[in-house]
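Now for the letters of each chain:
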Amino acid sequence: DQQVKQNSPSLSVQEGRISILNCDYTNSMFDYFLWYKKYPAEGPTFLISISSIKDKNEDGRFTVFLNKSAKHLSLHIVPSQPGDSAVYFCAASVNTGNQFYFGTGTSLTVIP
Amino acid sequence: DTAVSQTPKYLVTQMGNDKSIKCEQNLGHDTMYWYKQDSKKFLKIMFSYNNKELIINETVPNRFSPKSPDKAHLNLHINSLELGDSAVYFCASSRTGTVINSPLHFGNGTRLTVT
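Figured I'd write up the structure that's included with this text. Note that the structure is a prediction, hence the values are computed from the model and not measured.

**Focus: the interface of chain A and chain B**
Logical step 1: With 22 residues of chain A at the contact, the number on the chain B side is 24 residues.
Logical step 2: Where chain A packs against chain B, one counts 0 salt bridges.
Logical step 3: On inspection of chain A and its partner chain B, the count reaches 5 residue pairs in polar contact (both at pLDDT 80 or more).
Logical step 4: Looking at the side of chain A that touches chain B, the elements that each hand over two or more residues are β4 (32–38), β5 (45–51), β9 (86–93) and β10 (100–102) of chain A.
Logical step 5: Of the residues forming the side of chain A that touches chain B, the biggest block, 4 residues, is contributed by β4 of chain A.
Logical step 6: Of the residues contributing to the side of chain A that touches chain B, the split by class is 10 nonpolar, 10 polar and 2 charged.

**Here we look at the state of the cysteines**
All names here are of chain A.
Logical step 1: Throughout the structure, instances matching the rule amount to 2 disulfides over all chains.
Logical step 2: Bridging Cys-23 to Cys-90, the disulfide has an S-S length of 2.0 Å. Disulfide Cys-23 to Cys-90: torsion about the S-S bond roughly -70°, handedness left-handed. Taken as a pair, Cys-23 in strand β3 (residues 19–25) and Cys-90 in strand β9 lie far apart in primary sequence, 67 residues in all.

**What to know about unusual backbone geometry**
Logical step 1: With an omega dihedral of -10°, the bond running from Val-78 of chain A to Pro-79 of chain A counts as a cis peptide bond.
Logical step 2: Relative to the helices and strands, Pro-79 of chain A resides in the loop between β8 (72–77) and β9.
Logical step 3: The amide bond that connects Thr-7 of chain B to the next residue, Pro-8 of chain B, takes the cis arrangement and shows omega of 0°.
Logical step 4: With respect to the helices and strands, the residue Pro-8 of chain B is situated in the loop between β1 (4–7) and β2 (10–13).
Logical step 5: Positive phi outside glycine occurs at Lys-71 of chain A, with the angle close to 50°.
Logical step 6: You can see Lys-71 of chain A is positioned in the loop between β7 (62–67) and β8.
Logical step 7: Residue Ser-80 of chain B is not a glycine yet carries a positive backbone phi of 45°.
Logical step 8: You can see Ser-80 of chain B is positioned in the loop between β8 (73–78) and β9 (87–94).

Rules used throughout
Residues numbered from 1 in each chain as written. Chains lettered and ligands numbered in written order. Predicted model: local features only at pLDDT ≥ 70, side-chain atom pairs only at ≥ 80, totals over all residues. Heavy atoms only, no water. Contact = heavy atoms within 4.5 Å. Salt bridge = Lys/Arg side-chain N within 4 Å of Asp/Glu carboxyl O. Polar contact = N/O pair within 3.5 Å; in protein donor to acceptor, adjacent residues only side chain to side chain. Helix = DSSP H or I, 4+ residues; strand = E, 2+ residues; numbered from the N terminus. Nonpolar A, V, L, I, M, F, W, Y, C, P; charged D, E, K, R; others polar. Disulfide = S-S within 2.5 Å.

Next comes the structure, spelled out in structure tokens:
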């Protein structure tokens, strides 16, 4: 039973444009959400997070938006750079717990 | 300075064998995890230890046995390997407590291939 879903397995974007990666979740108890970035042959690395008390969190070129009513979050990368090409995983958790639920990832390719 | 290191990086073995994957973290974290990424790229938790105590044990065959000699190490031993065990196994660690400000730090993974 997959509680976090990333329905787009891949995305291609031109350099300089915006990349939008989407994530949906089913468990209304989730109150903390994270995005991880993964390069081939490496482990995922933490990118940005958001608590359910916010609807937006920004860190440089990366912004995460949370729509609790729709149980949806998205990661915006502006402007996209070739070095952003990687697999992006969405993850969710209950803040009082220590178990993270991951989506299956979206492979982003930024075309120079 | 590798924060979470796991060995080996690649492991090829035959069905029925017993193998171990080692993991060490130098971040001073209290909680360590094993995740499995299957062929569908789904990252799923297997185990979690907090200060050497097992706190999460998902539905995993008991052929898989984690061992934590201290809070900086969490090893995974697999008995009687099966074809379906082929996957990438990731070790991770985090600080204890609420998940805010305690994201997971992953190792680079161990690609296990069972033939």
